Structures are given as structure tokens and as C-alpha cells.
Amino acid sequence: MYFLTKDLYFPPVHDANYEGILSIGGDLSVERVLLAYKSGIFPWFNPGEPILWWAPSSRMVLFFEDLIISKSMRNILNRNVFKVTFNQEFKAVISNCRSIKREGQNGTWISDEMIEAYCNLHKLGIAKSVEVWQNEELVGGLYGVDLGNVFCGESMFSKVNNASKVAFITLANQLKNDNYKVLDCQVYNEHLESLGCIEIDREDFMKILN
């Protein structure tokens, strides 16, 4: 494992260990975080612990032609049950992603330090959010890092059924229309798989990214 110094540098992604951890330390400056994403790397660590930088051997991604929209979800989208906006309430979205209770998780990895880092990226137009509203209340959303041809999703939240799915599907359709290559979802989970995401090798992801 590589220990970062003040130098703005990351080792090659294939040097990551079997868990996917590439390096430790450094900081969450705009310059370092942006370099990480452009290099196929992302930060993920628990509050109070050293910063860990990940480049797992398998990457969960959505190719837009594989997007799965169930019949019930199409009905919800067609009836305009929710209102969707972009980049209107970034800090509220990331704060909700931190505070929402998730099954099987005792806490969150989204610390104050992480919120500050991604809000700084948002001010520069690099980190972006999708907001889902119902009766003027923010009930769902997601945020991530926009690399121009690849969108790296970070986290989603939902206060009512299907709100995060609406955010994800709306974003995927927008990215497809804007000729993005892929929506990066980082690591596997069943919810992402149900929406059409698949795992690809790290090397294949790097080819897309580069």
C-alpha cells in the first residue's frame, strides 16, 4: 500500500491490494480528489480514520442501453409523481445521503470533511446533484463527480419509495442524451444490479475513462 505525501500523485491503479485499496493518507483538496477520479480512484473511509483511496479490481457501471426501467417505474415517471431538478440543493442532497438510515449499516462514511470536499467540487461545477421533490419537499436524490464523459455516482438517498430510482433513471437518461460513455457506480450492490448495472474489470473501466 502506498502512503501519500504532500505531492500530488497516485500510484498506478493495478498496484491496489486484493481489497481494492490503493493508497492511504494525503488530503481531500480539490486538486487531489479530481486527480483521483480522473485516474479511476475514489476516496472511501470511515470518519476519524485515515483517508483511504480505492481502485477495486471490478467496477460497477451502467451502460445506458442496459438501463432497466420496470413497468411500475415507467408508470410513476409517466404520471409525474415527482419533480426532478439538477444542482439546485447540492449540500442538502449530500447531507441527506449522510443522515439517511440504511439497512445493515450502523453509520456513514460521509463525514464533515467529505461534505466540505464535495461542496468545494460543486462550487467549481465538478460535483453535481439530482434532486427529487414531492409536494415541494426534497424526498430523494443523488450526487457524484462529473468528468465530462463519465459520471461517477457517489451516493443516493430516498425518503419515500422509488425517489432514488427516479433520480438515478433521470440522470442516466440525461447522460445518455449528452453522449456520456458510462455511469460509474463504483462497487456492487443488488439495488444497482436491479437497475441494469454490471461489473466490469478495472482495466476495461480504465480504457473507457481514458
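Caption draft 1: Region of interest: the environment of glycine 20. By secondary structure assignment, the location of glycine 20 is in the loop between β1 (2–4) and β2 (21–25). Along the primary structure glycine 20 and tyrosine 2 are separated by 18 residues, whereas in three dimensions their C-alpha atoms are 12 Å apart. Among all residues touching glycine 20, those that are not within four sequence positions of it are Trp53, Trp54, Ala55 and Pro56.

Caption draft 2: Local environment of unusual backbone geometry. Despite not being glycine, asparagine 87 has its phi angle at roughly 60 degrees, a positive value. Considering the arrangement of structural elements, one finds asparagine 87 in the loop between β6 (83–86) and α3 (90–99). Exposure remark for asparagine 87: the relative accessible area of 32% places this residue in the partly exposed category. Backbone geometry places glutamine 186, a non-glycine residue, at a positive phi of 70 degrees.

Caption draft 3: Highlighting the nonpolar core. Trp53, Tyr118 and Tyr143 are the most contacted members of the largest nonpolar core, which totals 51 residues. Tallying contributions element by element places helix α4 (residues 112–123) first for this core, with six residues. Counting residues in each nonpolar core, the second largest holds 28 residues, with Met73, Ala163, Ile169 and Leu183 among its members.

Caption draft 4: Structural view of the sheet that holds β1. Read across the open sheet, the four strands follow the order β1-β2-β4-β3; overall the sheet is mixed. Here the strands that pair on one side only, and so sit at the sheet edges, are β1 and β3 (42–43). Across two bridges, β3 lies against strand β4 (residues 52–54) in antiparallel orientation. The residue of β4 that forms the bridge with proline 43 is tryptophan 53. Across the face of the sheet, helix α1 (residues 30–38) comes into contact with β1, β3 and β4 while running at roughly 25 degrees to β4.

Caption draft 5: Geometry of the sheet that holds strand β11 (residues 198–201). Spatially, the seven strands line up as an open sheet ordered β6-β7-β8-β9-β10-β5-β11, and their pairing is mixed. Of all the strands in the sheet, just β6 and β11 have a single pairing partner and so form its edges. When strand polarity is set aside, the average angle formed by the axes of neighbouring strands in this sheet is 35 degrees. When strand β9 (residues 150–158) meets strand β10 (residues 182–186), the two strands line up parallel, connected through three bridges. Following the sheet pairing, phenylalanine 151 is matched in β10 by leucine 183.

Caption draft 6: Inspection of α4 at higher detail. Relative to the 16 Å expected for 12 residues at 1.5 Å per residue, α4 spans 16 Å between its end C-alpha atoms, a close match to the ideal helical length. Among the residues of α4, those classed as buried are Met114, Ile115, Ala117, Tyr118, Cys119 and Leu121. Buried positions along α4 lie against α1, β3, α3, β7 (127–134), β8 (137–146) and β9. In the segment just after α4, glycine 125 is the residue with positive phi, at about 80 degrees.

Caption draft 7: Structural context of the pattern of salt bridges. Applying the stated criterion across every chain, the model contains four salt bridges. Here aspartate 112 makes a salt bridge to arginine 98, at a shortest N to O gap of 2.5 Å. Of this pair, aspartate 112 sits in helix α4 while arginine 98 sits in helix α3, and the two are 14 residues apart along the sequence. Here aspartate 146 makes a salt bridge to lysine 128, at a shortest N to O gap of 2.9 Å. Highlighted residues: aspartate 146 in strand β8 and lysine 128 in strand β7, separated in sequence by 18 residues. Aspartate 146 gets classed as buried once you look at its relative accessible area, which sits at 13%. Here lysine 128 falls in the partly exposed class, since its relative accessible area comes to 27%.

Caption draft 8: Molecular detail of the packing of α3 against α4. Here α3 crosses α4 at 155 degrees, and the two axes come no closer than 10 Å. Relative to α4, the element α3 is oriented roughly antiparallel. Remark: the crossing between α3 and α4 carries right-handed chirality. Taken together, the residues of α4 that come into contact with α3 (itself represented by Phe90, Lys91, Ile94, Ser95 and Arg98) are Asp112, Met114, Ile115, Tyr118, Cys119 and His122.

Rules behind the numbers
- Here the residue numbering is sequential within each chain, running from 1 through the sequence in written order.
- Totals for whole chains, interfaces and linings use every residue, but because this is a predicted model, local features are given only for residues with pLDDT of at least 70 and side-chain atom pairs only at 80 or more, for both listing and counting.
- Calculated side-chain values reflect all of the structure's heavy atoms, with hydrogen atoms and water omitted.
- In this description a helix means any DSSP run of H or I spanning at least four residues, a strand means any run of E spanning at least two, and both kinds are numbered starting from the N terminus.
- In what follows, residue pairs with any heavy atoms lying within 4.5 Å of each other are defined as contacts.
- We call a residue buried when its accessible area falls under 20% of the maximum for its residue type, exposed when it is over 50%, and partly exposed in between, using a 1.4 Å probe and counting protein chains only.
- The criterion is simple. A nonpolar core is a set of buried Ala, Val, Leu, Ile, Met, Phe, Trp, Tyr and Cys residues joined through side-chain atoms within 4.5 Å.
- Each pair of strands is called paired provided DSSP finds at least two bridges between the two strands.
- The angle between two axes is taken between their N-to-C directions and runs from 0 to 180 degrees, where each axis is a line fitted to C-alpha atoms and a helix contributes only its stretch in contact.
- Take the residue count of a helix, subtract one, and multiply by 1.5 Å to get its expected span.
- Any carboxyl oxygen of Asp or Glu that lies within 4 Å of a side-chain nitrogen of Lys or Arg is treated as forming a salt bridge with it.
- In these notes the angle categories are as follows: under 35 degrees is roughly parallel, over 145 is roughly antiparallel, 65 to 115 is roughly perpendicular, and the rest is oblique.
- Crossing handedness is read from the near helix: turned anticlockwise from the far helix by less than a right angle, it gives a left-handed crossing, and turned clockwise, a right-handed one.

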